[in-house]
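# Understanding the architecture of this molecule
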There are 2 protein chains.
Amino acid sequence: MLPGSGTTSENAMTTAQKTPITVLSVDDHPMLREGIASVIGAEEDMRLVGEACNGLQAIECYRRLRPDVTLMDIQMPDMNGIDATIAIRAEFPDARIVVLTTYEGDALARRAIAAGAAGYLLKSMLRKELLATVRNVHEGRRCIPAAVANGIAQHWHESALSKREVEVLQLVAAGQSNKRIGMHLAISEETVKVHMKSILAKLNASDRTHAVTRAIERGIIDLHACGQVGGSY
Amino acid sequence: MLPGSGTTSENAMTTAQKTPITVLSVDDHPMLREGIASVIGAEEDMRLVGEACNGLQAIECYRRLRPDVTLMDIQMPDMNGIDATIAIRAEFPDARIVVLTTYEGDALARRAIAAGAAGYLLKSMLRKELLATVRNVHEGRRCIPAAVANGIAQHWHESALSKREVEVLQLVAAGQSNKRIGMHLAISEETVKVHMKSILAKLNASDRTHAVTRAIERGIIDLHACGQVGGSY
DNA sequence: CGCCCGCTAACCCGATAGGGTGATGGTTGA
DNA sequence: TCAACCATCACCCTATCGGGTTAGCGGGCG
């Protein structure tokens, strides 16, 4: 899963005595940051140089600290980890960012990689995986766990939903009818139905409800954004 | 938010020198356990005596260690935290268990409390909240954060879904039609429609899709259980 | 330059969803 | 014992959904 991790860590160890790998941890869960801090702190060749609890703070911290590796959560208030990754990489193209998330949803992973993330870790990772990924990424390698890579490969052949289709599906998840969605997006109900047909085909779903659950599973839409729509019901 | 926590911790401190509060941590995320271990370990009046990563291990650990307070995650493989709490409380009615979860879904919180949990914490908690809750619960008080209490109060008037209704909704989430659900449960399609009507009313949802998203938000059904149904599509 | 693809739109039509009404039997608890 | 609730089933009816078909328009690509 992590090719050559044995020799890798030995190499890292020998160079580490002089300059430890500096790490920035970004997560809105204090306890998880605490765990990461504890694990990183126990390694001789790494040093945790900063913590942030949302995307905006992450950008600010990165500018100030210029860490070797950034561990970035996706779901965060104010600014999510994907957008923060894009922003940081735009300013510092060499930034090495490892994205952390709870879910295996392949869409999220693809967006993270598209945003320039060098690694992708599930929060169910073991300490060994975390450390190996930090060292790998620090040395310029990309590092994607097998489980996530599988998820991506599984849906690789399927084309991604277009922007419009995601908008429609988000409204479907909020319980809107095709007619209401049409009014909301200022398009005809017929057009909404065309989008729906495309959505059902792309997600291989049997009906709109199934499409929504599959989209949530795969990280294409998120539940928290659904409630705050239309609202007139 | 945690009334009298100041004096509480002082009291705890004075008794702590003799017998520290023993804590068992149950979570399938190693990093979060690491964080909890680090926080508990830093307190003089507490001692982490064991860790488990699923409900079955939790029961086994509890029997062996008899901790004063158990920190129990809900979402876990093999056996979830609610069932583990019920099992432990059945065997040891005095067990003081604090349930941890990522989501604020009120249904989950209500089930946890019904299962006999003495406390309920979100994983976004601060270390202060964790420690205050452990001390409170150890002294026999219940401890529910304001955010969770609000969620419960908000939906208090609404009656809970019946077992059958949850079954139906779970199949709806998997994209089954009323007819197929009827066949799957060996009941008439008409009966399924009656259940649906009741579900829509209880969840105040506009259609089946909306009902599913609201149920997921509130922890009534879970997405991971949906995919593994019927499957013939 | 054509070709593909996304967004738009309209039509037909059968299947499904969801509201209304009414009825039966079992369980639970005041 | 009676009320309340759950689960079951049936019929009617309208709105909505989802499949099939056709088609105009604009942008990107070989």
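These lines cover the structure that appears in this document, whether it is placed above or below. This structure is a prediction, so every number in the text was calculated from the model and none was measured.

Here we take up the sheet that holds strand S3 (residues 69-73) of chain B. Residues and elements named next belong to chain B. Spatially, five strands are ordered S2-S1-S3-S4-S5 in an open sheet, and the strand pairing comes out parallel. The open sheet has two edge strands, strand S2 (46-52) and strand S5 (119-122), and neither has a second partner. The average angle at which neighbouring strand axes cross in this sheet is 25°, direction not considered. Pairing of strand S4 (residues 96-101) with S5, which is carried by four bridges, proceeds in the parallel orientation.

Once that is clear, we can look at the protein's contact with DNA strand D. Inspection of the region around DNA strand D gives 17 residues, with Lys193 of chain A together with Ser162, Arg164, Ser188 and His195 of chain B positioned closest. Of everything in DNA strand D that lies within 4 Å of the protein, sugar and phosphate atoms constitute 56%. Separating a phosphate oxygen of DNA strand D from a backbone N or O atom of asparagine 178 of chain A is a distance of 3.1 Å. When contributions to the surface near DNA strand D are tallied by element, the ones reaching two or more residues are helix H9 (178-185) and helix H10 (189-203) of chain A together with helix H10 (189-203) of chain B. The greatest single-element share of the surface near DNA strand D, amounting to five residues, is contributed by H10 of chain B.

Of the two same-sequence chains, chain B is brought onto chain A (RMSD 0.1 Å, axial shift 0.0 Å) by a rotation of 180°. The two molecules are tied by a two-fold rotation axis, judged by turn and shift. If distances are taken from each C-alpha of chain B to the rotation axis, the shortest is found for glycine 35 of chain B, at 1.8 Å. Comparing interface residues between copies, 100% of those in chain B also sit at the interface in chain A, which points to an isologous, same-surface contact.

Moving on to the pattern of salt bridges. Pairing of side chains with opposite charge becomes possible as their charged atoms draw close. Counted under the stated rule, the structure contains 22 salt bridges over all chains. Of the charged contacts in the structure, one is a salt bridge between lysine 123 of chain A and aspartate 27 of chain A, with a shortest N-O distance of 3.2 Å. One end of the pair, lysine 123 of chain A, is in the loop between strand S5 (119-122) and helix H6 (127-138); the other, aspartate 27 of chain A, is in the loop between strand S1 (21-26) and helix H2 (30-41), with 96 residues separating them in the sequence. Of the two residues, lysine 123 of chain A and aspartate 27 of chain A, both sit in the buried class. We note a salt bridge from arginine 63 of chain B to glutamate 91 of chain B, for which the minimum N-O separation is 2.7 Å. A residue pair is termed long-range when its members are at least 10 positions apart, and arginine 63 of chain B in helix H3 (residues 55-65) and glutamate 91 of chain B in helix H4 (residues 81-91) qualify at 28 residues.

Attention now goes to the packing of helix H2 (residues 30-41) of chain B against helix H6 (residues 127-138) of chain B. Residues and elements named next belong to chain B. Across the interface, H2 lies against H6 with an axial gap of 11 Å and an inter-helix angle of 70°. With respect to H6, the element H2 is oriented roughly perpendicular. Every pair of crossing elements has a handedness; the one defined by H2 and H6 is right-handed. Touching Ile36, Val39 and Ile40 of H2 are Arg127, Leu130 and Leu131, all from H6. Class assignment for the residues of the contact of H2 with H6 results in five nonpolar, no polar and one charged.

Listed by partner, the interface residues are 36 residues for chain B and 36 residues for chain A. Buried area between chain B and chain A, summed over both chains or domains, comes out near 3000 Å², and the portion from carbon and sulfur atoms is 64%. Taken together, chain B and chain A are joined by two salt bridges. Notably, a salt bridge pairs arginine 127 of chain B with glutamate 34 of chain A, separated by 3.4 Å at the nearest N-O pair. Where chain B touches chain A, the interface holds nine residue pairs in polar contact (both at pLDDT 80 or more).

Let us now look at the sheet that holds S5 of chain A. All names here are of chain A. Spatially, the five strands line up as an open sheet ordered S2-S1-S3-S4-S5, and their pairing is parallel. Strands at the two margins of the open sheet, each flanked by one partner only, are strand S2 (46-52) and S5. Direction aside, neighbouring strands of the sheet carry axes that sit 25° apart on average. Contacting S1, S2, strand S3 (69-73), strand S4 (96-101) and S5, H6 crosses the sheet at an angle of about 125° to S3.

This part takes up the environment of valine 98 of chain A. All names here are of chain A. Take valine 98: it is sitting in strand S4. Each C-alpha atom of the pair valine 98 and tyrosine 120 lies 5.5 Å from the other, and the pair is 22 residues apart in sequence. Discounting residues that sit within four places of it in the chain, valine 98 has contacts with Val69, Thr70, Leu71, Met72, Gly119, Tyr120, Leu121, Thr133 and Val137.

So, on to the nonpolar core. Counting residues in hydrophobic clusters, the biggest one holds 42 residues, and the most contacted among them are Leu169 and Leu203 of chain A together with Leu169 and Leu203 of chain B. Excluding anything up to four places from it in sequence, leucine 203 of chain A contacts Leu161, Leu169, Ala211, Arg214, Ala215, Arg218 and Ile220 of chain A. Within the second largest apolar cluster, 40 residues are counted, among which are Met31 of chain A together with Ile21, Leu131 and Val134 of chain B.

Residue and element names in this part refer to chain A. By the secondary structure assignment, threonine 85 is in helix H4 (residues 81-91). Classification of threonine 85 by relative accessible area gives buried; the value is 1%. With residues near it in sequence (within four places) discarded, threonine 85 still touches Met72, Ile97, Val99, Ala115, Gly116 and Ala117.

All right, on to the packing of aromatic side chains then. Note on aromatic pairs: each is described by the distance of the centres and the angle between the planes. All names here are of chain A. Here the structure, examined in full by the defined rule, presents two aromatic pairs over all chains. A ring pair is formed by tyrosine 62 and phenylalanine 92, whose centres lie 5.0 Å apart and whose planes are at 45°; its orientation type is tilted. Of this pair, tyrosine 62 sits in helix H3 (residues 55-65) while phenylalanine 92 is found in the loop between H4 and S4, placing the two residues 30 residues apart along the sequence. Here tyrosine 62 matches phenylalanine 92 in class, with each residue buried.

What follows is about unusual backbone geometry. Residue and element names in this part refer to chain B. Despite not being glycine, aspartate 78 shows a phi value in the positive range, around 70°. With respect to the secondary-structure elements, aspartate 78 resides in the loop between S3 and H4. Unlike most non-glycine residues, asparagine 204 shows phi in positive territory, near 55°.

Next up on the list: the protein's contact with DNA strand C. What surrounds DNA strand C is a group of 17 residues, the closest being Ser162, Arg164, Ser188 and His195 of chain A together with Lys193 of chain B. Among all atoms of DNA strand C positioned within 4 Å of the protein, those belonging to sugar or phosphate total 53%. The separation between a phosphate oxygen of DNA strand C and a polar main-chain atom of serine 188 of chain A is 2.5 Å. Between DNA strand C and lysine 193 of chain B there is a distance of 2.5 Å, counted from a base oxygen to a side-chain nitrogen or oxygen. Elements represented by at least two residues in the surface near DNA strand C include exactly H10 of chain A together with helix H9 (178-185) and H10 of chain B. Class assignment for the residues of the surface near DNA strand C results in four nonpolar, six polar and seven charged.

Rules of the game
- Residues numbered from 1 in each chain as written.
- Chains lettered and ligands numbered in written order.
- Predicted model: local features only at pLDDT ≥ 70, side-chain atom pairs only at ≥ 80, totals over all residues.
- Heavy atoms only, no water.
- Pairing = 2+ DSSP bridges.
- Helix = DSSP H or I, 4+ residues; strand = E, 2+ residues; numbered from the N terminus.
- Axes fitted to C-alpha atoms, helices over the stretch in contact; angles between N-to-C directions.
- Near = heavy atom within 4 Å.
- Polar contact = N/O pair within 3.5 Å; in protein donor to acceptor, adjacent residues only side chain to side chain.
- Least-squares fit on C-alpha atoms with pLDDT ≥ 70 in both.
- Contact = heavy atoms within 4.5 Å.
- Salt bridge = Lys/Arg side-chain N within 4 Å of Asp/Glu carboxyl O.
- Buried < 20%, exposed > 50% of the residue type's maximum accessible area, 1.4 Å probe, protein only.
- Parallel < 35°, antiparallel > 145°, perpendicular 65-115°, else oblique.
- Left-handed = near helix turned anticlockwise from the far one by under 90°.
- Nonpolar A, V, L, I, M, F, W, Y, C, P; charged D, E, K, R; others polar.
- Buried area = accessible area lost by both parts, 1.4 Å probe.
- Core = buried A, V, L, I, M, F, W, Y, C linked by side-chain atoms within 4.5 Å.
- Phe/Tyr/Trp six-rings, centres within 6.5 Å; stacked < 30°, edge-to-face > 60°.

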